[in-house]
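# Tertiary structure, described
Below are the chains, spelled out letter by letter.
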Amino acid sequence: MADNEHNPLHAHDDHGHGVGHIVPIKLLVVVGVVLLILTWITVAATYFDLGDGNIYIALAIAVIKASLVALFFMHLRWDRPFNGFIFVGSIAFVALFIAFALTDSSQYQPDIKEYRITSDLKGGDSVDAQKKLEETAAQLQTDAPSAE
Amino acid sequence: MAHDAEHHDHPDHLAHHFDTPKQQFEAGKLGMWLFIATEILLFGGLFVGYSVWRGNHPELFEYSSHFLDTTMGGINTAVLIASSLTMAAAVTVAQRNDPVKQDKRPILILLLVLTLCGAAGFMVIKYFEWTHKFAEGWYPGVKYYEKPSDKSHTWDSHAGVIGVEMTTIDTVDGAPTRGDLGLPDTVTVELPAAAPVAVAPDHFLADKLAAVYGNDDAAHAGDPHGADVTTHDAKHDEHEQTHPLQDPHRPRDAHIFFNIYYMMTGLHGIHVIIGGIVITWLLIKSFRGQFHRDYFTPVDLGGLYWHVVDLIWIFLFPLFYLIH
């Protein structure tokens, strides 16, 4: 019985009460040490200026660390594939959400920039500038008929 | 009940609506993974906000990130990884515990206590980080920040000149254009210390000068007092040393970084506290010897929750503390 518990190959077999996979402590410790080393690497990487590369390295290391936690600490490596599918599926939807939000917001950034510059030229914060613009527009409208 | 008792393979920990312990275990796990999916979507909304703000204003994040303590963040990362490890080990130990002999019970309790210490340690470090930020004046919310229009001037009293930073607007045939023509966004116009009003092209510049001299009438009258400028300058230097908020080089809307920082680490902190409560509950049940190789589902599922807390932090750490 003890042999079955320690042997990952046999843990899947249904021996009546054999529920779930038992991950050896040694393997968990190895994964934990790798996670700490990766943390050290990701901090050390910030001392090198790689321009845009820094964020990609940091995110790549974070993805590797997250995968290690999910696969070993959270037993996904031995779990039913459907549980992993739910997990990866939720991350995929977040990625989709981020992609669409970034695409959309980058479209109207020039408008925001222009608005800010215009309000800066008027002097004062954006709300005041907007008010001023509206007042000017109203003034122009009331002036128009008298000019005719 | 009598019917159940007749089945020797239908133990106490098996709910009546399940056929086998395996079925019960798998159903519990499926439910936990569905819950984890909703957790990821919950944090996902904040990650979207982060991406949009950082994508459109990378300079705010580069500037503000320097006010976060990477050492504290790094220690917290190590603390969470270590407590994740002890939690995963606790699951393994519970799976090997004998229901009668309870031979692994002391180790299970030790591992859960260590995990709980990790949760407490994380929150203590987080508390010091947050209070330090509050002491510096980095509160969330726009009302704690000066209007950026008050910031758009710099001067150098030693050189005896005043620089007015002006925002430029790209134009094509005299009309403002949406596109960036690659021209600098701001230019610094240097003015002599005395009588600058003659070069003021319009009310905008006059207002800016008024802001520099701290006296509306002075700018309009074209007779600024040199002494006033010096006083303001000295005051300004003092503030610069004590309050990062007074930093003239602080980009507009720098507080946006701290808003999303407090929201994301705050929601994560709430999860750490909930995780701590779950681990305490597991500890109580472990003291009573309720977990063993036939029934360890709560340890397993509580562990999954704790690993999610670790997973989120694995992304929060580089996204906030490690911006170059």
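Residues numbered from 1 in each chain as written. Chains lettered and ligands numbered in written order. Predicted model: local features only at pLDDT ≥ 70, side-chain atom pairs only at ≥ 80, totals over all residues.

## A word on the overall build of chain A
A count of helical and extended segments in chain A gives 6 helices and 0 strands. Beginning at the N terminus, the succession of helices and strands in chain A can be written as α-α-α-α-α-α. The buried share of chain A, taken over its 148 residues, is 18%. Long-range contacts, defined here as pairs at least 24 residues apart, represent 32% of the contacts in chain A between residues at least 6 apart. (Helix = DSSP H or I, 4+ residues; strand = E, 2+ residues; numbered from the N terminus. Buried ≥ 20, exposed ≤ 12 C-beta atoms within 10 Å, placed from the backbone. Contact = placed C-beta atoms within 7 Å.)

## A short note on the packing of helix α2 (residues 21–56) of chain B against helix α9 (residues 255–287) of chain B
Residue and element names in this part refer to chain B. Contact geometry for α2 and α9: axes closest at 11 Å, N-to-C directions at 160°. In terms of axis orientation, α2 runs roughly antiparallel to α9. Both α2 and α9 take part in a crossing whose hand is left-handed. For the pair α2 and α9, the contacting residues are F43, L46, G49, Y50 and W53 in the first and I256, I260, M263, M264 and L267 in the second. (Axes fitted to C-alpha atoms, helices over the stretch in contact; angles between N-to-C directions. Parallel < 35°, antiparallel > 145°, perpendicular 65-115°, else oblique. Left-handed = near helix turned anticlockwise from the far one by under 90°.)

## Remarks on unusual backbone geometry
One non-glycine residue with positive phi stands out, namely H75 of chain A, at about 65°. Within the element layout of this structure, H75 of chain A appears in the loop between α4 (53–73) and α5 (81–122). H75 of chain A sits in the buried class, given 22 other C-beta atoms within 10 Å. Here Q102 of chain B, not a glycine, exhibits a phi torsion of approximately 55°, which is positive. Within the fold, Q102 of chain B resides in the loop between α4 (70–96) and α5 (105–136).

## Concerning the interface of chain A and chain B
The interface of chain A with chain B comprises 51 residues on the first partner and 54 residues on the second. Breaking the side of chain A that touches chain B down by element, the ones donating at least two residues are α3 (25–44), α4 and α5 of chain A. Of all the elements, α5 of chain A adds the most residues to the side of chain A that touches chain B, at 20 residues. For the side of chain A that touches chain B, the per-class residue count stands at 28 nonpolar, 15 polar and 8 charged. (Nonpolar A, V, L, I, M, F, W, Y, C, P; charged D, E, K, R; others polar.)

## Quick word on the environment of T39 of chain A
Within the secondary structure layout, T39 of chain A lies in helix α3. Placed 22 residues apart in sequence, T39 of chain A and I61 of chain A show a C-alpha to C-alpha distance of 8.1 Å. Beyond its immediate chain neighbours, meaning those up to four positions away, T39 of chain A contacts G74, T77, A78 and I81 of chain B.

## A short note on the environment of H21 of chain A
One can find H21 of chain A in the loop between α2 (8–11) and α3. For the pair H21 of chain A and I91 of chain A, spaced 70 residues apart in sequence, the C-alpha separation works out to 25 Å.

## A word on the packing of α3 of chain A against α4 of chain A
Residues and elements named next belong to chain A. α4 packs onto α3 with a crossing angle of 170° between their chain directions and a minimal axis gap of 10 Å. On the basis of the axis angle, α3 is roughly antiparallel to α4. Counting all contacts with α3, which are made through L27, L28, V31, V34, L35, L38, I41 and T42, the residues of α4 involved are A58, I61, I64, K65, L68, F72 and F73. Residue composition of the contact of α3 with α4, grouped by class: 13 nonpolar, 1 polar and 1 charged.

## Topic: α2 of chain B
Residue and element names in this part refer to chain B. With 36 residues, α2 should reach 52 Å at 1.5 Å per residue; the first-to-last C-alpha distance of 52 Å fits that figure. Helix geometry: α2 is bent most strongly at G44, by close to 25°. Of all the positions in α2, only P21, K29, M32, W33, I36, A37, I40, F43, G44, F47, Y50 and R54 are classed as buried. (Expected span 1.5 Å × (residues − 1). Bend = angle between axes of the 7 residues up to and from the residue.)

## Observations regarding helix α3 (residues 58–65) of chain B
Residues and elements named next belong to chain B. Residues of α3 that are buried: L60, F61 and S64. Projection of α3 onto a plane perpendicular to its axis shows the buried side chains occupying an angular sector of 95°, all on one side. The secondary structure elements touched by the buried residues of α3 are α2 and α9. (Arc of directions from axis to C-beta.)

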